[in-house]
Amino acid sequence: MLVELGPVGADEAQAWTRFARRMLCELRTNPSELASVASEDWLRQWSSMIDTWATAATTAGDGTFRWSEAIDCEQAEYMLHGVQQCIASSEFQAKITEAESEAHTPFTLHVLKAFADGLITEGRAHEHYVDQMRDSLATLDAR
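Caption draft 1: Highlighting the overall build of the protein chain. Counting its regular elements, the protein chain contains seven helices and two strands. When the helices and strands of the protein chain are read in sequence order from the N terminus, they spell out β-α-α-β-α-α-α-α-α. Looking at the 143 residues of the protein chain, the share that counts as buried comes to 45%. Within the protein chain, contacts between residues separated by at least 24 positions form 80% of all contacts whose residues are at least 6 apart in sequence. When the accessible area of the protein chain is evaluated, it comes to approximately 7400 Å², of which 51% is carbon and sulfur surface.

Caption draft 2: Geometry of the packing of aromatic side chains. All told, the structure shown has seven aromatic pairs when counted by the stated rule. Between Trp42 and Trp46, the ring centres sit 6.5 Å apart and the planes meet at 65°, which makes this aromatic pair edge-to-face. In this pair, Trp42 and Trp46 both sit in helix 2 (residues 40–58), four residues apart, roughly one turn of the helix. Trp46 shares its class with Trp42; the two are buried. Centroid distance Trp46 to Phe115: 5.5 Å. Interplanar angle 40°. Geometry classified as tilted. Of the two residues, Trp46 is situated in helix 2 and Phe115 in helix 5 (residues 98–120); the sequence distance between them amounts to 69 residues. With respect to burial, Trp46 and Phe115 carry one shared label: buried.

Rules used in this analysis
Position numbers for residues start from 1 in each chain and track the written sequence from start to end. Note on the predicted model: pLDDT of at least 70 is required for a residue's local features to be given, and 80 or more for side-chain atom pairs to be given and counted; whole-chain, interface and lining totals, by contrast, use all residues. Side-chain numbers here rest on the full set of heavy atoms in the structure, without hydrogens or water. A helix here means a DSSP run of H or I that spans at least four residues, while a strand means a run of E at least two residues long, and both kinds are numbered starting from the N terminus. Each residue is placed in one exposure class: buried if its accessible area under a 1.4 Å probe, protein chains only, is under 20% of its type's maximum, exposed if it is over 50%, and partly exposed if it falls in between. Between two residues, a contact is recorded if the distance between any of their heavy atoms is within 4.5 Å. Using a 1.4 Å probe, accessible areas were evaluated by the Shrake-Rupley method; residue-level cover was limited to the displayed protein chains. Stacked, edge-to-face and tilted labels apply to pairs of Phe, Tyr and Trp rings (six-membered ring for Trp) whose centres lie within 6.5 Å, assigned for plane angles under 30 degrees, over 60, and everything in between, in that order.

Here's what the structure looks like:
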């Protein structure tokens, strides 16, 4: 499946990748209730993707971040499911300040939407999963 991010401001993407790296570090050092989600494999996959996005944002010559890549559907669901679990976790949310939430929720939603849009194109089973994921994340979108 194809995941496409952007166009968004490169500065916004850079700020989000710094925030996301901090959150992954928090999960590595203190996964607590998210230990089953924050496996080394899941953390490695997100770290790699975030590093790629950070490089793309840093090298965006026109100040606009754009990125696209083909990703295996099962990998995308695995990665998306972990993010969904993190967002739903009160312990994870406690690690985020109100200012961070306000600043980074729009890009987080952009990432989630990009993964969801890619999955929907892959068939009915993925569409059902995306519908469930969107329902569970409706509170994040309402912020």
